[in-house]
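Understanding the architecture of this molecule
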Amino acid sequence: MRVFVLIFNARTENEGIHTIREGDRNKILMFESEDDATRFALMLEAQDFPSPTPEPIDAEEIKEFCESAGYEWEIIPENSNLVVTPPELNVEKTDWQEDAQKEDTVEDTFPLNQQPLEEPELSDSELEKMRRKLEGLL
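Now for a quick tour of the structure. (Residues numbered from 1 in each chain as written. Predicted model: local features only at pLDDT ≥ 70, side-chain atom pairs only at ≥ 80, totals over all residues. Heavy atoms only, no water.)

Within the largest apolar cluster, 14 residues are counted, with the highest numbers of intra-cluster contacts made by L6, L29, F31, A37, F40 and L44. Of all the elements in the fold, those that place two or more residues in this core are β1 (2–8), β3 (25–31) and α1 (34–46). If one sorts the elements of this core by residue count, α1 sits on top with 5 residues. The residues contacting F31, other than those within four sequence positions of it, are V3, F4, D36, A37, F40 and I76. Among the nonpolar cores identified, the runner-up in size contains 11 residues, and V3, I7, A10 and I62 belong to it. (Core = buried A, V, L, I, M, F, W, Y, C linked by side-chain atoms within 4.5 Å. Buried < 20%, exposed > 50% of the residue type's maximum accessible area, 1.4 Å probe, protein only. Helix = DSSP H or I, 4+ residues; strand = E, 2+ residues; numbered from the N terminus. Contact = heavy atoms within 4.5 Å.)

Structure below.
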């Protein structure tokens, strides 16, 4: 089964996968719908989080990754009544940023290497326009 996960710096040497921290465990959200993954990515951006990209991947591949990394996973069904919203708190430095230190906060990312973040692809005005659209949806 194909699902969508959120990737930061997709298709670069500095990729990181989005996780949500629950206690001392990290959980990867697997969206059945690309639209749902995109909406969640926009909500993250509205909270001043780096811009993630919904990427299709085989669900079994993500489950194997989670088991090897000690992560949890959750499938977000398409057209479900389940409303997924990002937690209020984000980490200030992610694991995949250079000189990152582990934070005891709600959101995290899995480090694929330790390269500095690239500049955002969207301008401030474009981000503000997306924020207004998102606020209109809420």
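Bringing empty space enclosed by the protein into the picture now. The full count for this structure, using the stated rule, is 1 cavity of 30 Å³ or more. A volume near 50 Å³ is recorded for the largest cavity. As for the largest cavity, its lining consists of L42, E45, A46, L127, M130, R131 and L134. For the lining of the largest cavity, the secondary-structure elements that each account for two or more residues are α1 and α3 (124–137). For the lining of the largest cavity, the leading source of residues is α3, giving 4 residues. Here the residues of the lining of the largest cavity sort into 5 nonpolar, no polar and 2 charged. (1 Å grid on protein atoms, 1.4 Å probe; cavity = no way out; pocket = protein on both sides within 12 Å on 5 of 7 lines; lining within 4 Å. Points joined across faces, edges and corners; volume = space filled by probe spheres on them. Nonpolar A, V, L, I, M, F, W, Y, C, P; charged D, E, K, R; others polar.)

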